[in-house]
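Examining the three-dimensional arrangement
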Amino acid sequence: AQSVTQLGSHVSVSEGALVLLRCNYSSSVPPYLFWYVQYPNQGLQLLLKYTTGATLVKGINGFEAEFKKSETSFHLTKPSAHMSDAAEYFCAVSENNDMRFGAGTRLTVKP
Amino acid sequence: GAVVSQHPSWVICKSGTSVKIECRSLDFQATTMFWYRQFPKQSLMLMATSNEGSKATYEQGVEKDKFLINHASLTLSTLTVTSAHPEDSSFYICSAQPGQHRAYGYTFGSGTRLTVV
């Protein structure tokens, strides 16, 4: 069975600073990994995903994530935070057409 | 891209009444849809998997008689909260996979905020 752990329920950065949101997973098969963003009172929007191939994947809004099998990690980064990045971020893993989510990380961006 | 439409976006109902939430895949067919519940500042909790033409599969602890799911067509799944009570107040989100393979990931509806008074 798969599971996802997001370290840090709340991350606060200054505008223009690096964003790093951590995600570790466990999976019994090669995982498909996803990052979603959720704005208040909205559904989830896909930021990026890793399925196969290149381990560094780029997504929307300047975000990227790197799949590291040896570390079972899929951390999300953005070089320079923008105020509009403030939201809830969820890491997810898909194993057998069944997606499981991490607990989420709330990103706050300070002016 | 694949779009999932969820309606209504918010609803207030009286205790004891029933509420129906619709989830539609607008530009793809979805044999399977998923219903989640989300409490404030928490992650998504999978309630059930909705299967077109057959019974839904409920997660452990979810009352199937309380949360009725119908998936009568390839583009529509509905969740009915029966005899709603204040503790059913929550944010409900549906999703669907716009392809046969898990690599597609899920496309989510915009969610429904249910408040039972």
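Residues numbered from 1 in each chain as written. Chains lettered and ligands numbered in written order. Predicted model: local features only at pLDDT ≥ 70, side-chain atom pairs only at ≥ 80, totals over all residues. Heavy atoms only, no water.

All names here are of chain B. With respect to the secondary-structure elements, Ser25 resides in strand E3 (residues 19–25). We classify Ser25 as buried; its relative accessible area is 4%. Along the chain, Ser25 and Thr107 lie 82 residues apart, while their C-alpha atoms are 9.0 Å from each other. (Helix = DSSP H or I, 4+ residues; strand = E, 2+ residues; numbered from the N terminus. Buried < 20%, exposed > 50% of the residue type's maximum accessible area, 1.4 Å probe, protein only.)

What follows concerns the sheet that holds strand E8 (residues 76–81) of chain B. Residues and elements named next belong to chain B. Strand order in the open sheet made by the four strands is E1-E3-E8-E7, with antiparallel pairing throughout. Pairing within the sheet leaves two strands with one partner each, and these edge strands are strand E1 (4–7) and strand E7 (67–73). Across the sheet, the axes of successive neighbouring strands diverge by a mean angle of 15 degrees, strand direction being ignored. Where E3 lies against E8, six bridges are found, and the strand directions are antiparallel. Residue Lys20 lies in a different strand from E8, and its bridge partner there is Thr80. (Pairing = 2+ DSSP bridges. Axes fitted to C-alpha atoms, helices over the stretch in contact; angles between N-to-C directions.)

Residue and element names in this part refer to chain B. In this model, His7 is joined to Pro8 through a cis peptide bond whose omega is 0 degrees. The phi dihedral of Lys41 falls on the positive side, at around 60 degrees, and the residue is not glycine. Mapped onto the elements of the fold, Lys41 is located in the loop between strand E4 (32–38) and strand E5 (44–51). On the basis of relative accessibility, which here comes to 72%, the residue Lys41 falls in the exposed class. The phi torsion at Ser83 lies on the positive side, around 45 degrees, for a residue other than glycine. Along the chain, Ser83 turns up in the loop between E8 and strand E9 (90–96).

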